[in-house]
There are 2 protein chains.
Amino acid sequence: MNKIITIGRELGSGGRELGKRIAEKLGYAYYDNEIISGIAEKTDLAESYVKQIVEKNPVANFPITIGHSFYPPMNFNMDQTTNIYVQQSNIITEMADKSDCVIVGRCADFILRERNPFRIFVYASPKSRIERCRQKASENEDVSDRQLWRNIRRVDKHRAKYYLFYTGRKWGDKMNYDLCINTTNANIKTVAEAVVKLIEIEQR
Amino acid sequence: MNKIITIGRELGSGGRELGKRIAEKLGYAYYDNEIISGIAEKTDLAESYVKQIVEKNPVANFPITIGHSFYPPMNFNMDQTTNIYVQQSNIITEMADKSDCVIVGRCADFILRERNPFRIFVYASPKSRIERCRQKASENEDVSDRQLWRNIRRVDKHRAKYYLFYTGRKWGDKMNYDLCINTTNANIKTVAEAVVKLIEIEQR
């Protein structure tokens, strides 16, 4: 069975960067919201991505721009979102069938629970999250800390709601994860290195 | 400044074993009951009584009655337990001054917060905790799972109460830790090895 690492993360905790770095270090495929949405929208995209994975080059550069800090909150039109959820779940399952992978977000920890994924949750202090969001997105330059934190909290709430709705579980509750990492003031590159060591030891 | 690792842990999560193994691997001093013994040496209170207060309840019943019906009997208990807490804090601080160390429990993460300890919290599923408690203590042999879980929950509640009382923080809340480790089905020896790697990388 392929090895699967899932990452849940608070916005601004560096979870996505961590996921990418872990995937890179382990030679696993990497998926996140944008990639999975992109695949769901475009079949040809899925094909080329899958082809790339099948050709044993799982973490080569993939032409989807990443850098969305504030992924637009989903409109809870349930029929539509459930449809998207089902579609994305299928894609996640397919991807997990194809190769070892790191999947960030999308309730992947729950969707793939039968496959015993290594489930990570990444979090950080408000101050640290605000700083990371500011560094990552130039459009946040002129936004006050207070406004930025309000935006972050909005995304948190949306993620929690989404997670609860589809899994029946509390988002970020440590019982749902194997490892919870506080990235306040942490260098994500260093954390990635450490987590890879940990996973390698666990998988021996 | 000495390197300090603090470990908070749910009963039956293997936190103490983890602490000992980490200390052994890193060559750090290890403290848990030693601290209690230290307190006992400096006071007239029996070690078992100190242990009872520290482990079970900051407002434990104290076997001296106060003959004043308008005085809440709590006050005396508070003084006693707070006195023990203060002594305990002093000892923990002394230990942290002496050498690199691993300290399990006793609000050490909070007491030493100015020294930037690496704060670990260890937890596990109910089933796993029951099993570990059963393995560790022969007196649990004839106790039903239900009763054992009730006992475990009671200790949890006391620890949470103690922690909240002295730190103002929620025990086990991941925001208060740098790393939270789920030891369900885990081999503590393996986890210790992994955590040591992680700490070594973080401290480079």
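Everything discussed here concerns the structure shown above.
Residues numbered from 1 in each chain as written. Chains lettered and ligands numbered in written order. Predicted model: local features only at pLDDT ≥ 70, side-chain atom pairs only at ≥ 80, totals over all residues. Heavy atoms only, no water.

Participant: I'd like to hear about the overall build of chain A, residue by residue, with values.
Facilitator: Helix and strand content of chain A: eight helices and five strands. The helix and strand sequence of chain A, counted from the amino end, reads β-α-β-α-α-α-β-α-β-α-α-β-α. Buried positions account for 55% of the 204 residues belonging to chain A. Put simply, 74% of the contacts in chain A that link residues at least 6 apart link residues at least 24 apart. Carbon and sulfur atoms provide 46% of the accessible area of chain A, an area that totals close to 10,100 Å². (Helix = DSSP H or I, 4+ residues; strand = E, 2+ residues; numbered from the N terminus. Buried < 20%, exposed > 50% of the residue type's maximum accessible area, 1.4 Å probe, protein only. Contact = heavy atoms within 4.5 Å. Areas by Shrake-Rupley, 256 points an atom, 1.4 Å probe, with all protein chains shown as cover.)

Participant: Which residues make up the environment of S144(B), and what values do they have?
Facilitator: When you line up the elements, S144(B) lands in the loop between helix 6 (126-136) and helix 7 (145-167). In sequence terms S144(B) and N2(B) are 142 residues apart; their C-alpha atoms lie 44 Å from each other.

Participant: Can you tell me about the packing of helix 8 (residues 188-202) of chain A against helix 8 (residues 188-203) of chain B, naming the residues and giving the values?
Facilitator: It is at 9 Å that the axes of helix 8 of chain A and helix 8 of chain B come closest, and there the two elements cross at 160°. The pairing of helix 8 of chain A with helix 8 of chain B is recorded here as roughly antiparallel in orientation. The interaxial crossing formed by helix 8 of chain A with helix 8 of chain B has right-handed handedness. Between helix 8 of chain A and helix 8 of chain B, the residues in contact are T190(A), V191(A), E193(A), A194(A), K197(A), L198(A), I201(A) and E202(A) and T190(B), V191(B), E193(B), A194(B), K197(B), L198(B), I201(B) and E202(B), respectively. Split by residue class, the contact of helix 8 of chain A with helix 8 of chain B holds eight nonpolar, two polar and six charged. (Axes fitted to C-alpha atoms, helices over the stretch in contact; angles between N-to-C directions. Parallel < 35°, antiparallel > 145°, perpendicular 65-115°, else oblique. Left-handed = near helix turned anticlockwise from the far one by under 90°. Nonpolar A, V, L, I, M, F, W, Y, C, P; charged D, E, K, R; others polar.)

Participant: Account for the pattern of salt bridges, with residues named and values stated.
Facilitator: Residues and elements named next belong to chain B. Enumeration according to the criterion identifies 18 salt bridges over all chains in this entry. D178 serves as the salt-bridge partner of R119, at 2.9 Å between the closest nitrogen and oxygen. In this pair, R119 sits in strand 4 (residues 118-123) while D178 sits in the loop between helix 7 and strand 5 (179-182), placing the two residues 59 residues apart along the sequence. Both residues of the pair, R119 and D178, count as buried. D156 is the partner of R153 in a salt bridge, and the nearest nitrogen-oxygen pair spans 3.3 Å. Of the two residues, R153 and D156 are both situated in helix 7; the distance of three residues between them amounts to about one turn of the helix. (Salt bridge = Lys/Arg side-chain N within 4 Å of Asp/Glu carboxyl O.)

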